[in-house]
Amino acid sequence: MSLEKFHRLTETAVPLLIENVDTDQIIPARFLKATERKGFGDNLFRDWRYKKDGTLNSDFILNNPLYSGKILVAGRNFGSGSSREHAAWAIYDAGFRVVVSSFFADIFRGNALNCGLLPVQVPENFLDEIFRTLNEDPNARFEIDLENQFIKNIHSTNLVNFDINPYKKQCLLKGLDDIDFLLSLKEDIIAFELSRN
């Protein structure tokens, strides 16, 4: 499945000031019935976004009309727990293209990159700065530059670099998933096979 190309994003953000968010909190297990990447966004953080009677929980940040954007800023240790790729699908399907945290579970990081969602890991002090900025100004904007691997707080002009697997970086820049990447090498693979005969 081809992915949306990612180069640079300048956007507002939604602050999820909660640590140790696991994949069952991101997308509860009872919603894992589908195998396509569509429709999971409606149940992102389902048990936090809705009350038991099905009405919106106005206290939850995703239901706060002050905050919007394609960047989800989360507390430390985001995406721990089971290896369900549906967690990354739900975040992407809800419209987010970047998740920022000071620490990601490895399996979540891999699942995010596989579906076109960019996990940006930043130092704790920079994460705290982002939360402070969003508390002061819900319309604050942040720039994420994948090519140069930095995130910038436009409000303060501070920026930090982030790491990313070089292969996954190229896949995001070109909008390729793993299968598309292999197909893009088809001619080279054929040429190599012919050279061996």
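Our structure's up above, just so we're on the same page.
Once a new chain begins, its residue numbering starts again from 1 and follows that chain's sequence as written. Since the coordinates come from a predicted model, pLDDT governs what is reported: local features require at least 70, and pairs of side-chain atoms require 80 or more to be given and counted, while whole-chain, interface and lining totals use all residues. Just so you know, side-chain values use all the structure's heavy atoms and leave hydrogens and water out.

Participant: I'm lost on the sheet that holds strand E1 (residues 8–11) in this one. Help?
Facilitator: Working definition: the strands of a sheet are paired by backbone hydrogen bonds and lie parallel or antiparallel to each other. Following DSSP output, two strands are said to pair if at least two bridges run between them. A run of DSSP states H or I qualifies as a helix once it reaches four residues; a run of E qualifies as a strand once it reaches two. Both are numbered from the N-terminal end. Spatially, 4 strands are ordered E1-E6-E7-E8 in an open sheet, and the strand pairing comes out antiparallel. Looking at the sheet topology across the chains shown, the edges are occupied by E1 and strand E8 (159–161). Along the sheet, successive strands turn relative to each other by an average axial angle of 10°, direction set aside. The pairing of strand E7 (residues 150–153) with E8 spans 3 bridges and is antiparallel. The axes are straight lines fitted to the C-alpha atoms, using for helices just the contacting stretch, and the angles between their N-to-C directions are given from 0 to 180°.

Participant: Would you take a moment to explain the sheet that holds strand E4 (residues 98–101) for this structure?
Facilitator: Pairing is parallel in the open sheet, where 4 strands are placed in the order E2-E3-E4-E5. Looking at which strands have only one partner, the edges of the open sheet turn out to be strand E2 (13–16) and strand E5 (118–121). Averaged over all neighbouring strand pairs, the angle between strand axes comes to 20°, with direction disregarded. Note: E4 against E5, 4 bridges, orientation parallel. Residue pairing across strands places Ser-101 opposite Gln-121, the latter belonging to E5.

Participant: Could you clarify how one ought to interpret the pairing of E1 in this entry?
Facilitator: On a regular strand, each side chain points to the face opposite its neighbour's, so the side chains alternate between the two faces of the sheet. Residues of E1 alternate between two faces, with Leu-9 and Glu-11 buried on one and Arg-8 and Thr-10 left unburied on the opposite face. Of the pairings in the sheet, the one linking E1 to strand E6 (residues 142–145) comprises 4 bridges and is antiparallel in character. Of the residues in E6, the one forming a bridge with Leu-9 is Ile-144. Think of it in three bands: residues with accessible area under 20% of the maximum for their type are buried, residues over 50% are exposed, and the middle band is partly exposed, with areas taken using a 1.4 Å probe on protein chains only.

Participant: Looking at this structure, I do not really get the nonpolar core. What am I missing?
Facilitator: As a rule of thumb, nonpolar side chains are buried together in soluble globular proteins. Of all hydrophobic cores here, the largest spans 54 residues; its most connected members are Phe-78, Ile-91, Val-100, Phe-108 and Leu-118. Considering each element in turn, this core owes the most residues, 6 residues, to helix H3 (residues 86–93). The contact criterion used throughout is that any non-hydrogen atoms of two residues lie within 4.5 Å. Dropping the residues within four chain positions of it, Phe-108 is found in contact with Ile-26, Phe-78, Gly-79, Ala-87, Ala-88, Ile-91 and Leu-117. In these notes, a set of buried Ala, Val, Leu, Ile, Met, Phe, Trp, Tyr and Cys residues joined through side-chain atoms within 4.5 Å is what counts as a nonpolar core.

Participant: Which parts of the structure should I look at to understand the state of the cysteines?
Facilitator: Note on terminology: a disulfide is the covalent bond linking the sulfur atoms of two cysteines. For this text, the term disulfide refers to a pair of cysteine sulfurs within 2.5 Å. With the rule as written, the count across this model stands at 0 disulfides. Free cysteine Cys-115: the closest other cysteine sulfur is in Cys-171, separated by 13 Å.

Participant: Can you walk me through the side chain of Lys-169 in this structure?
Facilitator: By secondary structure assignment, the location of Lys-169 is in helix H6 (residues 166–174). Despite its burial, Lys-169 remains without a salt bridge, the nearest opposite charge being carried by Glu-147 at 4.4 Å. Excluding residues that lie within four positions of it along the chain, Lys-169 makes contacts with Leu-146, Glu-147, Gln-149 and Ile-164. Two residue types count as positive, namely Lys and Arg, and two as negative, namely Asp and Glu; His and chain ends fall outside the count. Salt bridges are defined by distance alone: a side-chain nitrogen of Lys or Arg within 4 Å of a carboxyl oxygen of Asp or Glu.

Participant: Even after reading the chapter, I still don't get the side chain of Ser-80, so can you show me in this structure?
Facilitator: Checked against the element boundaries, Ser-80 lands in the loop between strand E3 (71–74) and H3. Ignoring anything within four residues of it in the chain, the contact list for Ser-80 reads Asn-20, Val-21, Asp-22, Thr-23 and Ala-105.

Participant: I'm lost on the packing of aromatic side chains in this one. Help?
Facilitator: What describes a pair of aromatic rings is the distance from one ring centre to the other and the angle between the planes of the rings. Here a pair means two rings of Phe, Tyr or Trp (six-membered ring of Trp) with centres within 6.5 Å. Their orientation is stacked below 30 degrees between planes, edge-to-face above 60, and tilted elsewhere. On inspection of all chains with the given rule, the structure shows 7 aromatic pairs. Where Trp-48 meets Phe-60, the ring centres are 5.9 Å apart and the plane angle is 55°; that geometry is what we call tilted. Of this pair, Trp-48 sits in helix H2 (residues 46–49) while Phe-60 sits in the loop between H2 and E3; the two residues are 12 residues apart in sequence, bridging distant segments of the chain. A residue is classified by how much of its surface remains accessible, and Phe-60, at 7% relative accessible area, is buried. Taking 6.4 Å as the distance between ring centres and 90° as the angle between the ring planes, the aromatic pair formed by Phe-78 and Phe-104 counts as edge-to-face.

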